[in-house]
Amino acid sequence: PELLVPLLRILTHSKRASEQAPVAAVIANLEHESPLVRGAACGVLGKYGWRGVVRDQVDLIVDELFDDESAYVRIKVYEMLGRWGDAAARAKLAFAAESETNSRALFTIARNLGERDSQSFGPRGDHTLARRFSTWAEVSALDTIHQPLPP
Amino acid sequence: MIRPFVAWVVVWSAIIVLAIYALVNAYYLIVHAVSLLELRQNVQERRVNPSHQPFESPFLPGIAIIIPAFNEAQTIRNTVRSSLDQSYPNTRVIVVNDGSTDATLQVLQSAFDLSVVDESPPWDLNCEPIEGIFQSESIPNLMVIDKQNGGKSDALNAGIWLTNQDLFCAIDADSLIDKDGLWHAVIPFLNDPTRTKASGGTVRVANGCSFTGSQVTDVRVSKRLLVGLQEVEYLRAFYSGRLGLSRLGSLLVISGTFGLFRTDAVRTIGGYSRSTVTEDLDLVVRLHRHMLQQDVDYQISFVPEPVVWTQVPETAKDLSTQRRRWYRGLLETATNHRDMIGNPTFGMLGTVAIPLYLLSEGIGPLVETYGYIIVPIAFLLGIVDVSFFITFLLLIIGIGSLLTFFSLISEVWGYQQYRRPSQIGLLIGYAILENFGYRQWKAITAFRGLVDFFQDRPSWGVIERHPFDEEPSE
């Protein structure tokens with residue numbers, strides 16, 4: 001992790017690679033034993049959602065990622081899906097909201113879904129909470145800025 | 001009959017006092033010498049300019065600057081301005097109005113164009129009930145939490161629980177952050193992001209300085225004796241004391257005036273304690289305790305660069321209130337964490353750092369007070385020889401002044417905030433003067449703090465503030 005995390009972070013901020021660039025190693029890191037590595041891998045993959053092969057391969061393990069024991073990793077997964085932003089990714093975010101228990105992770109989902117969709121996801125049927133998150137998602141003082149430090 | 005007994009008490013207590021005095025001063029000398037080594041390294045590192053533009057780095061963590069404010073209408077506008085004027089790019093400013101009874105909230109509303117956030121906070125803020133939350137219309141990264149009074153710790157906790165930033169910076173509402181202050185303090189987190197849990201920086205005295213906007217533009221030593229004496233103390237405490245302790249891995253306190261912390265680490269230990277009057281000392285000790293108990297590899301750092309400018313008390317009454325609170329807080333923290341003292345489970349910290357800290361800062365002033373009582377008695381009884389007494393007195397003054405000169409050397413060598421030689425001369429004068437009256441007064445004040453501790457007397461007190469752009473009356 002001492003080497004992988006900085007490497008993945010640099011990849012996250014490097015110029016986007018071509019369509020042929022191998023990403024299998026990055027995807028494999030979603031199952032790394034260290035939550036720091038799993039989270040950092042999500043950061044890189046958020047940048048490559050335009051490649052169908054990336055979305056397809058992540059789809060295979062996304063349910064496991066929703067159940068990750070680390071809230072930090074789950075937040076990074078939600079940010080990755082939010083960055084992809086297509087209909088399928090948004091549907092996954094709405095699905096994750098149903099079972100997410102960590103307030104900050106749920107808030108990340110609301111922020112990435114935006115006002116319209118977060119009003120409808122109703123985490124555990126709680127529309128009041130959804131409305132509250134939706135309001136706070138617009139408050140820039142509550143932004144998360146740039147790369148989070150490792151937990 | 002009585003005289004031999006008194007003589008016996010005097011002689012033996014003098015031996016004990018001398019032993020403690022020798023130990024404490026040996027400890028101080030080691031810490032001060034180590035601080036010079038640390039400073040040398042720091043000065044060398046500062047000479048190296050990075051080849052990249054650090055302002056544009058995507059790897060900078062976000063920092064929430066949390067300002068707890070209780071009746072700070074006089075200073076809050078400038079404090080918030082200085083927090084917004086940071087050269088560090090990724091900040092959010094959260095002011096927590098802790099049930100002020102003066103115009104603090106009104107000042108904030110008129111200065112920063114606040115509007116109410118319609119919904120209650122997105123999660124529980126671990127504090128007294130919230131009255132309202134405001135977002136600045138004109139400054140997107142500024143937010144104000146208005147809550148019922150719960151004390152400084154409670155106000156800080158509100159901000160810590162609300163923010164989503166990785167780091168938070170706690171500052172006092174009567175202080176101004178230097179525009180590059182966050183850059184300096186964040187360096188340990190950039191160098192070692194996993195291990196670093198907290199960092200502190202040098203707090204400098206703002207009373208004699210001139211300001212433009214919210215920044216100090218002309219650094220001067222105050223001509224007011226009481227303020228000048230405190231300037232010498234601050235230089236000694238930060239440039240020599242904390243810098244050396246940080247190098248030795250034994251830093252036990254990060255000033256409540258300015259501290260940068262890992263938000264998740266502080267949340268994990270429950271935030272600031274509401275049951276102590278020196279929440280800053282207690283927090284750092286609890287961080288040490290938690291990390292050591294969890295066997296986490298960690299560091300708590302100190303950077304010597306000046307990061308914040310603060311107003312110090314200008315009257316003996318206000319200073320006494322502050323120092324009694326500090327001393328009482330030290331005793332509270334020592335009592336709350338007494339199981340760490342001398343405990344090898346806590347490694348060097350438990351066996352060496354905490355005992356020596358308590359000996360120097362806790363027992364030292366009491367021993368000194370005792371000395372002021374016993375020496376005149378010894379004189380009257382003819383037990384102490386005049387030449388011995390004068391030699392001893394000169395030794396005390398000499399060592400005290402030597403330690404202060406260490407920190408003045410650090411200032412001149414490392415930072416040159418005081419640009420005129422006359423200012424350094426004034427500081428040297430204060431360094432000598434403090435041995436005649438001020439030091440003795442502080443020892444007695446510590447003794448009064450001890451009485452406050454045993455009487456369980458609430459001792460926050462009210463200290464008079466001035467707006468930063470206003471000259472205090474002489």
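Residues numbered from 1 in each chain as written. Chains lettered and ligands numbered in written order. Predicted model: local features only at pLDDT ≥ 70, side-chain atom pairs only at ≥ 80, totals over all residues. Heavy atoms only, no water.

## Describing the overall build of chain B
The number of helices and strands found in chain B is 13 helices and twelve strands. Taking 2.2 N^0.38 as the reference for a compact globule, 474 residues should give roughly 23 Å; the C-alpha atoms of chain B span a radius of gyration of 23 Å, in line with that estimate. When its C-alpha atoms are laid out on the principal axes, chain B stretches across 80 × 45 × 45 Å. For chain B, with 474 residues in total, the buried portion stands at 58%. Contacts in chain B between residues at least 24 apart in sequence constitute 81% of all its contacts with a sequence separation of at least 6. As displayed, chain B has an accessible area near 19900 Å², and 60% of this comes from carbon and sulfur atoms. Here chain B carries 37 positive and 48 negative side-chain charges, and the mean point of each set is 7 Å from the other. (Helix = DSSP H or I, 4+ residues; strand = E, 2+ residues; numbered from the N terminus. Rg over C-alpha atoms; globule rule 2.2 N^0.38 Å. Buried < 20%, exposed > 50% of the residue type's maximum accessible area, 1.4 Å probe, protein only. Contact = heavy atoms within 4.5 Å. Areas by Shrake-Rupley, 256 points an atom, 1.4 Å probe, with all protein chains shown as cover. Lys, Arg positive; Asp, Glu negative; His and termini not counted. Charge placed at Lys NZ, Arg CZ, Asp CG, Glu CD.)

## Observations concerning the sheet that holds strand β6 (residues 167-171) of chain B
All names here are of chain B. Pairing within the open sheet is mixed, and its ten strands lie in the order β3-β4-β5-β2-β1-β6-β11-β8-β12-β7. In this open sheet, the two edge strands, each paired with only one partner strand, are β3 (114-116) and β7 (175-177). Taken pair by pair, the neighbouring strands of this sheet meet at an average axis angle of 30 degrees, ignoring direction. Inspection of the sheet shows strand β8 (residues 196-205) paired to strand β12 (residues 299-310) by nine bridges, in the parallel sense. The partner of glycine 200 across the bridge, within β12, is phenylalanine 302. Docked against the sheet, helix α5 (residues 181-191) engages β1 (63-69), β2 (91-98), β6, β7, β8, β11 (258-262) and β12, running at close to 180 degrees with respect to β12. (Pairing = 2+ DSSP bridges. Axes fitted to C-alpha atoms, helices over the stretch in contact; angles between N-to-C directions.)

## Points about the pairing of strand β10 (residues 215-218) of chain B
Residues and elements named next belong to chain B. In this structure, strand β9 (residues 210-212) lies alongside β10, joined through three bridges in antiparallel fashion. Note that in β10 the partner of phenylalanine 211 across the bridge is valine 216. Between β9 and β10, which pair antiparallel and follow one another directly, the connecting turn spans two residues, one of which, glycine 213, has a positive phi of 65 degrees.

## Some words on the nonpolar core
Residues and elements named next belong to chain B. Val95 and Phe261 are the most contacted members of the largest nonpolar core, which has 161 residues in total. Examining the composition of this core, we find that ten residues originate from one element, helix α6 (residues 225-247), more than from any other. Beyond its immediate chain neighbours, meaning those up to four positions away, valine 95 contacts Ile67, Ala69, Ile76, Val80, Leu108, Leu142, Met143, Val144 and Ile145. (Core = buried A, V, L, I, M, F, W, Y, C linked by side-chain atoms within 4.5 Å.)

Honestly, it's all geometry; don't read function into it.
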